[in-house]
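For reference, the chains in residue letters:
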Amino acid sequence: MHLLSFLMNPAIFGLTALFFSVIWMLMDERDKTRPLLVFALTLNLIYGTLLTIFMAREGALLPWKYDHVLLQMDESLGLPAAWIARPLQGSWRAPLAVIYQSLVPMMICWFLVNRRRNPRGSIVMAYVAELAAGPLLYAVLPACGPAYAFGGQWLHPPAVQANAIRLSAMPNAFPSLHIAAAFALVLFAPGKLWRGVSLVFLAGTVMATLSTGEHYVIDLIPGLALGCFAASVGYRRFPHALLYLGAVLSWSLSVRFGYLILISHPCLLRTFAALTVALAIFAIFKEWNLPARFEAEPVLASQK
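Quick look at the structure, then. These numbers come from a predicted model, not from an experiment.

### Observations concerning helix H8 (residues 123-140)
- Its 18 residues place the ends of H8 26 Å apart at the C-alpha level, agreeing with the 26 Å of an ideal helix rising 1.5 Å per residue.
- The largest bend in H8 amounts to roughly 30 degrees and is located at Gly-134, with the proline Pro-135 lying one to four residues further along.
- What H8 keeps buried is the set Ile-123, Val-124, Ala-126, Tyr-127, Ala-129, Glu-130, Leu-131, Ala-133, Gly-134, Pro-135, Leu-137 and Tyr-138.

### Considering the environment of Ile-53
- Here Ile-53 lies in helix H3 (residues 34-61).
- Spatially, the C-alpha atoms of Ile-53 and Met-170 are 9.7 Å apart, while their sequence positions differ by 117 residues.

### Some points on the environment of Leu-88
- If you trace the backbone, Leu-88 turns up in the loop between helix H5 (81-85) and helix H6 (93-100).
- Residues Leu-88 and Thr-212, 124 residues apart in the sequence, show an inter-C-alpha distance of 9.0 Å.
- When residues no more than four places from it in sequence are discounted, the contact partners of Leu-88 are Arg-93, Leu-96, Met-207 and Ser-211.

### Notes on the packing of aromatic side chains
- Throughout the structure, instances matching the rule amount to three aromatic pairs.
- Centre to centre, the rings of Tyr-66 and Tyr-259 are 6.5 Å apart; their planes meet at 70 degrees, and the pair counts as edge-to-face. Pair noted here: Tyr-66 is in the loop between strand E1 (64-65) and helix H4 (67-77) and Tyr-259 is in helix H13 (residues 238-264), with a separation of 193 residues, a long-range link. There is no split in this pair, since Tyr-66 and Tyr-259 are both buried.
- One residue, Arg-237, lies across the ring of Tyr-235, its end atom 4.6 Å from the ring centre.

### Section: helix H11 (residues 191-211)
- In this model, H11 (21 residues) spans 30 Å end to end at C-alpha, consistent with the 30 Å of a helix rising 1.5 Å per residue.
- Along H11, the residues that are buried comprise Arg-195, Ser-198, Phe-201, Leu-202, Gly-204, Thr-205, Ala-208, Thr-209, Leu-210 and Ser-211.
- A positive phi of about 75 degrees marks Gly-213, the residue just after H11.

### Brief notes about the pattern of salt bridges
- Scanning the entire structure with this criterion turns up one salt bridge.
- Of the charged contacts in the structure, one is a salt bridge between Arg-237 and Glu-287, with a shortest N-O distance of 2.7 Å. With Arg-237 in the loop between helix H12 (217-234) and H13 and Glu-287 in helix H14 (residues 266-303), this residue pair connects regions lying 50 residues apart in the sequence.

What counts and how
Residues numbered from 1 in each chain as written. Predicted model: local features only at pLDDT ≥ 70, side-chain atom pairs only at ≥ 80, totals over all residues. Heavy atoms only, no water. Helix = DSSP H or I, 4+ residues; strand = E, 2+ residues; numbered from the N terminus. Expected span 1.5 Å × (residues − 1). Bend = angle between axes of the 7 residues up to and from the residue. Buried < 20%, exposed > 50% of the residue type's maximum accessible area, 1.4 Å probe, protein only. Contact = heavy atoms within 4.5 Å. Phe/Tyr/Trp six-rings, centres within 6.5 Å; stacked < 30°, edge-to-face > 60°. Lys NZ or Arg CZ within 6 Å of the ring centre and 35° of its normal. Salt bridge = Lys/Arg side-chain N within 4 Å of Asp/Glu carboxyl O.

Right, here's the structure in full:
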């Protein structure tokens, strides 16, 4: 398990995948989609370094983090992250940590699966859209996650007041990019087998993000809308993408400037959360039913 965790390290896996993808690309230079994978992997390696630099500076410029607010919102939602994370420690921790680090491998797998089975969209474009939007959204509502805000106490966080606090950690919590990427995989999944795999991976990512202390529960909900945004960009449905991005921004701005209202009115917070989850479920059914309609159109046309 330790070896698997080492191999799934983003830096190790990224370099290994880039090396083999270059060899794979050279094996068939006529396939125009192969250079796209090499480009995406190269971009991902560069992005990791640039993101660290960007968020470090962002953390210095925006030292006030909203972790205590997000903790209180989890309480108001009725789903404290620590309450969910505690049973997932011990033997669960290692496999969930591997799942948390498996996002790039899954993206590569989805790229290969979608090359011919789902030609309507580009999973690479969806991933790039998410990576571009993520740091900007972190600046709207800076938060660093329970493991960074509370240290060793994150599984049993102390009672705190709902207000912004000064923290030196980098903002990387709200919304969850891991959940957004995993949900985008669901929306790009072709066929029953891959749809089942995508849902299992999404569920594992939910548990992994909470068990590692990287996120609060409230982070995951707008992450679903961000995944819809990324998938819409990948499918080149830009008006839909703007609507989904508006939903994510509404969450960020509402939490930052209206958290006292949301915390003091749990029903209102739960209604917003339920509507966002319902929007994500609707996006799944809509996307998964599209191929059936596209396949039916030529048949109906031939009958006329």
